[in-house]
2 protein chains.
Amino acid sequence: MDDSTHQQRRHVLIHDPTLRDGHHAVGHQLDADQLHAYATAANAAGVAVVEVGHGNGLGASSLQIGRAKLPDPVMLTTVRDALTRSKMGVFMAPGWGTADDLHAAVHHGADVVRIAAHCTEADITERHLGIARDLGAEAQGVLLMSHMASPDQLAAQCSLLVQFGAQAVGIMDSAGHYLPADVIGRIHAITEAVDVPVIFHGHNNLSLAVANSLAAVEAGAGIIDATARGFGAGAGNTQLEVLVAVLERRGFDTGIDLRQVLAAADVAEERLMKAPPVIDSIALVSGVAGVFSGFKQPVLETARREGVDPVDLFLALGERQVVAGQEDMIGEVAQQLKAADR
Amino acid sequence: MDDSTHQQRRHVLIHDPTLRDGHHAVGHQLDADQLHAYATAANAAGVAVVEVGHGNGLGASSLQIGRAKLPDPVMLTTVRDALTRSKMGVFMAPGWGTADDLHAAVHHGADVVRIAAHCTEADITERHLGIARDLGAEAQGVLLMSHMASPDQLAAQCSLLVQFGAQAVGIMDSAGHYLPADVIGRIHAITEAVDVPVIFHGHNNLSLAVANSLAAVEAGAGIIDATARGFGAGAGNTQLEVLVAVLERRGFDTGIDLRQVLAAADVAEERLMKAPPVIDSIALVSGVAGVFSGFKQPVLETARREGVDPVDLFLALGERQVVAGQEDMIGEVAQQLKAADR
């Protein structure tokens, strides 16, 4: 941890999905004024990339997982209009988003395109990473629910993403399950396997998102995701303004002004959220169980409807290793718990 | 971090100052029903020590730093009545508390007596540590604002505490200023200097309280302070239920039942607090500046009254290295900022 090369102001790029991951916390209902206000503040602070969209990414607005207030093109043109220094980013999981969504996003000004896959399914990203490159966007590949794969598996999957054209690759702690030692092992394995910047995206279910992000940077990650006041699904994401203060204290250069990013965080708290994220009992159990943070609301609703304990439901979903997209399982597992209870 | 001895379920004692440090967040206004409800829940969860009192400890209730709703003896007998498994703890900083307060506390059932001093002032604890031992209580010594002293200084001060009779000694990150590497260096130095269990008490201003506590345990600390839902001054303390989950994941034995501690945290959230602590801009700046978390309210009030930016005021107080007890400085520094601004 005292590697002196870290003291020489190595640059760490901060990627800010406040207007995408934060959408999970408000049912994807941010309006154009809210998007514009936050994007303006983040741009002023010097955030490298402002990511925007439905919580589940391009094309994901739907009855089942929630309709966004605004269509993707409106979100993109609104944020684009506010950015003078920051790049604009989009997130897409093939299956929810399509090639058409990708074309439209780049047409509307997306500079950075993230293609996401479950941690062992990098092969599904080939076509869309290729399209992103062909469109001239910066293409990135990320692995969801990455705690479910070993360091070696993740390194191999990241190599595949690079082979498909990704210019940065990395891992998302979708469930907020990692301890710092877990992150260090995985980031080391990935940085040894690829020659592109490595991304880490944390969630705060175990109150370790900032610590895990710092550990990722010290292990060699070059791009860290963080959101204002931690705005995001469940217990929230890595808290942007805190991460900036911590990385700068530790000798890294984020290119972000602390006072301006505090102002952006205040805008986020006042304009975007009902209340800042909290690690409540459900969020904690979700992290312990390793279940996708976005499951919180549906799990609570199903538990209430079926009369089962949401803590039991989360732990059972964790045992069954459910992943994002398998929301159907929630009702099924709840039924099984009820049956077992009789 | 992969030291295999850590995997053998080493016991870590959890000391819970929810009903003492949490008092800072509610102007010391917890009533008997609230104290009893939380103490009952913490006792059921298997928390080792339930600490109770005014936020600043025995004898601190006063006009200047805030009057507690209940006198010390009433708080103590109320909590004592709820405990069947957990010990009861009290905190005292000589100057605020006196020998009489200590006698009364042990008379009313305090098992564990913590005597606190500024990080370089251990010599003021000799008399009260001696009294605690003479009364048959378990005597502990802790150093406040410990980031202001070096590892070697802290080790020397802790040795002095042991010499005075302390049966456990340690450091409080009163300002929430530490990074994990800072904690590791200090805990290592202290564990090498003393033969008694070492205490770590974190605050969450940099979102690192759980990570710092984990680092402290891995560096050899044996007693960790944590409060339900992080209830405490400013950005709050190490979040108890999260710490339990993380330590158990990492192979340590806390003796605490996760479901029961989640229930206790729910009691704390519903019964004790207006809202769980959040790392807002002021709390973050307070941690960056290294200013005592309990200064938040007076700093905000003074900034409003004097028309200065609270962020500037915190940073200026940090530069002047003010410590708990120097609340008078807040107005003085605000005046200086105003004068400089003209």
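For clarity, every value in this text was computed on a predicted model and none was experimentally measured.

Calculation notes
- Residue positions are given per chain, counted from 1 along the sequence in the order it is written.
- To label them, take the chains in the order written and letter them from A, then take the ligands in the order written and number them from 1.
- Local features in this predicted model are restricted to residues whose pLDDT is 70 or higher, and side-chain atom pairs enter the listing and the counts only when it is 80 or higher, whereas totals over whole chains, interfaces and linings include all residues.
- Calculated side-chain values reflect all of the structure's heavy atoms, with hydrogen atoms and water omitted.
- Helical segments are the DSSP runs of H or I of at least four residues, strand segments are the runs of E of at least two, and each set is numbered from the N terminus.
- As a reference, a globule follows 2.2 Å times the number of residues to the power 0.38, and the radius of gyration itself is taken over C-alpha atoms.
- Only protein chains enter the accessibility calculation, which uses a 1.4 Å probe; a residue whose area is less than 20% of its type maximum is buried, one above 50% is exposed, and one in between is partly exposed.
- A contact between two residues is defined here by any heavy atoms of the two lying within 4.5 Å.
- Note on charges: Lys and Arg go in the positive column, Asp and Glu in the negative column, and His and the chain ends are not counted at all.
- Note that the charge is assigned to NZ on lysines, CZ on arginines, CG on aspartates and CD on glutamates.
- Paired strands, in this sense, are two strands between which DSSP finds at least two bridges.
- Here is how to tell: hold the view so the strands point away, follow the path from the first strand over the helix to the second, and if it runs clockwise the crossover is right-handed.
- The term salt bridge refers to a side-chain nitrogen of Lys or Arg lying within 4 Å of a carboxyl oxygen of Asp or Glu.
- The axes are straight lines fitted to the C-alpha atoms, using for helices just the contacting stretch, and the angles between their N-to-C directions are given from 0 to 180°.
- UniProt positions are given in the numbering used here, feature names are shortened, and annotations may be inferred rather than shown by experiment.
- The span one expects for a helix is its residue count, reduced by one, times 1.5 Å.
- Put simply, buried Ala, Val, Leu, Ile, Met, Phe, Trp, Tyr and Cys residues joined by side-chain atoms within 4.5 Å make one nonpolar core.
- Here the copies are superposed with least squares, the fitted atoms being C-alpha atoms of residues at a pLDDT of at least 70 in both.
- All domain edges in this entry derive from an automatic or database-based domain assignment.
- Once two parts are put together, the accessible area they lose, assessed with a 1.4 Å probe and summed over both, is termed the buried area.
- Polar contact is the term for a pair of N or O atoms within 3.5 Å; when the atoms are in protein, one must be able to donate a hydrogen and the other to accept it, and sequence-neighboring residues count only if both atoms are side-chain atoms.
- Amino acid classes used here: Ala, Val, Leu, Ile, Met, Phe, Trp, Tyr, Cys and Pro are nonpolar; Asp, Glu, Lys and Arg are charged; the rest, including Gly, are polar.
- Crossing chirality is assigned from the near helix's rotation relative to the far helix, an anticlockwise turn below a right angle marking it left-handed and a clockwise turn marking it right-handed.

## What about the overall build of chain A?
Thinking step 1. Tallying secondary structure elements over chain A gives 14 helices and eight strands in all.
Thinking step 2. Computed over the C-alpha atoms, the radius of gyration of chain A is 19 Å, within 12% of the 20 Å expected from 2.2 N^0.38 for a compact globule of 342 residues.
Thinking step 3. For the C-alpha atoms alone, the extent of chain A along its principal axes is close to 60 × 45 × 40 Å.
Thinking step 4. Taking all 342 residues of chain A together, 62% fall into the buried category.
Thinking step 5. Summarising the internal contacts of chain A: among those between residues at least 6 apart in sequence, 77% fall at separations of at least 24.
Thinking step 6. Positive and negative side-chain charges in chain A, numbering 24 and 41 respectively, have mean positions lying 4 Å apart.

## Describing the pairing of strand 5 (residues 138–144) of chain A
Residues and elements named next belong to chain A.
Thinking step 1. For strand 5, the tally of buried residues reaches six of seven residues, placing the bulk of the element in the interior.
Thinking step 2. Bridging between strand 4 (residues 112–118) and strand 5 involves seven bridges; their strand directions are parallel. Bridge pairing in strand 5 links Ala117 to Leu143.
Thinking step 3. After leaving strand 4, the chain enters helix 5 (residues 126–134) and then returns to the sheet as strand 5, a path that is right-handed.
Thinking step 4. The pairing of strand 5 with strand 6 (residues 168–172) spans four bridges and is parallel. Along strand 6, the bridge assignment pairs Leu143 with Ile171.
Thinking step 5. Once you follow strand 5 into helix 6 (residues 151–163) and on to strand 6, the crossover reads as right-handed.

## Focus: the pattern of salt bridges
Residues and elements named next belong to chain B.
Thinking step 1. The tally for this structure, following the rule as stated, stands at 32 salt bridges over all chains.
Thinking step 2. Here Asp225 and Arg114 are joined by a salt bridge, their closest N and O atoms 2.7 Å apart. Of this pair, Asp225 sits in strand 8 (residues 223–225) while Arg114 sits in strand 4 (residues 112–118); the two residues are 111 residues apart in sequence, bridging distant segments of the chain. Like Asp225, the residue Arg114 is buried in the burial classification.

## Considering the sheet that holds strand 2 (residues 49–52) of chain A
Residues and elements named next belong to chain A.
Thinking step 1. Reading around the barrel, the eight strands line up as 1-2-3-4-5-6-7-8 and close back on themselves, with parallel pairing between neighbours. Adjacent strand axes in the sheet meet at a mean angle of 25° when their direction is disregarded.
Thinking step 2. The strands touched by helix 6 are strand 5 and strand 6; relative to strand 5, the strand with the most contacts, the crossing angle is about 155°.

## A short note on unusual backbone geometry
Residue and element names in this part refer to chain A.
Thinking step 1. The backbone of His28 sits at a positive phi, close to 65°, despite the residue not being glycine.
Thinking step 2. Among the structural elements, His28 can be located in the loop between helix 1 (18–21) and helix 2 (32–45).
Thinking step 3. Exposure remark for His28: the relative accessible area of 5% places this residue in the buried category.

## Notes on the UniProt feature "active site" (unreviewed entry) in chain A
Residues and elements named next belong to chain A.
Thinking step 1. Those residues carrying the UniProt feature "active site" (unreviewed entry) are His24 in this numbering.
Thinking step 2. Tracing the chain through its elements places His24 in the loop between helix 1 and helix 2.
Thinking step 3. Beyond its immediate sequence surroundings of up to four residues, His24 is in contact with Gly55, Asn56, Ala233 and Phe292.

## Considering helix 7 (residues 180–193) of chain A
Thinking step 1. With 14 residues, helix 7 of chain A extends 20 Å between its outermost C-alpha atoms, agreeing within 8% with the 20 Å of an ideal straight helix rising 1.5 Å per residue.
Thinking step 2. Those residues of helix 7 of chain A that fall on the buried side of the exposure criterion are Pro180(A), Ala181(A), Val183(A), Arg186(A), Ile187(A), Ala189(A) and Ile190(A).
Thinking step 3. For helix 7 of chain A, the secondary structure elements touched by its buried residues are helix 6, strand 6, strand 7 (198–201) and helix 8 (209–218) of chain A together with helix 8 (209–218) of chain B.

## Quick notes on the sheet that holds strand 5 (residues 138–144) of chain B
Residue and element names in this part refer to chain B.
Thinking step 1. Strand order in the closed barrel formed by eight strands is 1-2-3-4-5-6-7-8, and the pairing between neighbours is parallel. Here the average twist between neighbouring strands, direction ignored, is 25°.
Thinking step 2. Bridging between strand 1 (residues 13–17) and strand 2 (residues 49–52) involves two bridges; their strand directions are parallel. Bridge pairing in strand 2 places His15 opposite Val49.
Thinking step 3. In the packing of helix 6 (residues 151–163) onto the sheet, the strands contacted are strand 5 and strand 6 (168–172), and the crossing angle to strand 5 comes to about 155°.

## A few points about the nonpolar core
Proteins that are soluble and globular tend to have nonpolar side chains buried together.
Thinking step 1. Membership of the largest hydrophobic core comes to 221 residues, with the highest contact counts inside it found for Leu19(A) and Leu19(B).
Thinking step 2. Those residues in contact with Leu19(B), other than ones at most four positions away along the chain, are Leu30(B), Leu35(B), Tyr38(B), Ala39(B), Val50(B), Glu51(B), Val52(B), Gly53(B), Val79(B) and Leu272(B).

## Brief notes about the relation of the copies chain A and chain B
The two chain copies are connected by a rotation around an axis plus a translation along it.
Thinking step 1. With an RMSD of 0.0 Å, chain A superimposes on chain B once it is rotated by 180° and translated 0.0 Å along the axis. A rotation of that kind, with that shift, is consistent with a two-fold axis. Taking the C-alpha atom as reference, chain A places Ala211(A) closest to the rotation axis, 3.0 Å from it.
Thinking step 2. Both copies share a contact surface, since 100% of the interface residues of chain A are interface residues in chain B too.

## Overview of the domain arrangement of chain A
Residues and elements named next belong to chain A.
Thinking step 1. You can read the domains of chain A as domain 1 (9–272) and domain 2 (281–341).
Thinking step 2. For domain 1 and domain 2, the distance between their C-alpha centroids amounts to 25 Å.
Thinking step 3. Taken together, the contact between domain 1 and domain 2 spans 18 residues of the former and 18 residues of the latter.
Thinking step 4. Note on domain 1 versus domain 2: buried area summed over both sides is about 1300 Å², and carbon and sulfur give 63% of it.
Thinking step 5. The largest share of the area that domain 1 buries against domain 2 comes from Met145, Met148 and Asn205, three residues that together contribute 30% of it.
Thinking step 6. Counting across the domain 1 and domain 2 interface gives zero salt bridges.
Thinking step 7. Scanning the region where domain 1 abuts domain 2 turns up five residue pairs in polar contact (both at pLDDT 80 or more).
Thinking step 8. Among the residues forming the side of domain 1 that touches domain 2, the class breakdown is eight nonpolar, ten polar and no charged.

## Re the UniProt feature "binding site: substrate" (unreviewed entry) in chain A
Residues and elements named next belong to chain A.
Thinking step 1. Annotation from UniProt places "binding site: substrate" (unreviewed entry) at Arg20, Asp21, Ser174 and His201. What stands out for the annotated residues spanning 182 residues is how close their C-alpha atoms remain, the widest pair being 13.9 Å apart.
Thinking step 2. Take Ser174: it is sitting in the loop between strand 6 and helix 7.
Thinking step 3. For Ser174, a relative accessible area of 5% corresponds to the buried category.
Thinking step 4. In this structure, His201 sits in strand 7.
Thinking step 5. The contacts of His201, once residues within four sequence positions are left out, are Pro17, Arg20, Asp21, Ile171, Met172, Asp173, Asp225 and Asn237.

## Observations regarding the packing of helix 6 of chain B against helix 7 (residues 180–193) of chain B
Residue and element names in this part refer to chain B.
Thinking step 1. In the contact formed by helix 6 and helix 7, the axes pass within 8 Å of each other and the chain directions differ by 35°. Relative to helix 7, the crossing made by helix 6 is right-handed. Contacts between helix 6 and helix 7 pair Pro151, Leu154, Ala155, Cys158 and Ser159 from the former with Gly185, Arg186, Ala189, Ile190 and Ala193 from the latter.
Thinking step 2. Looking at the contact of helix 6 with helix 7 residue by residue, the classes come out as seven nonpolar, two polar and one charged.

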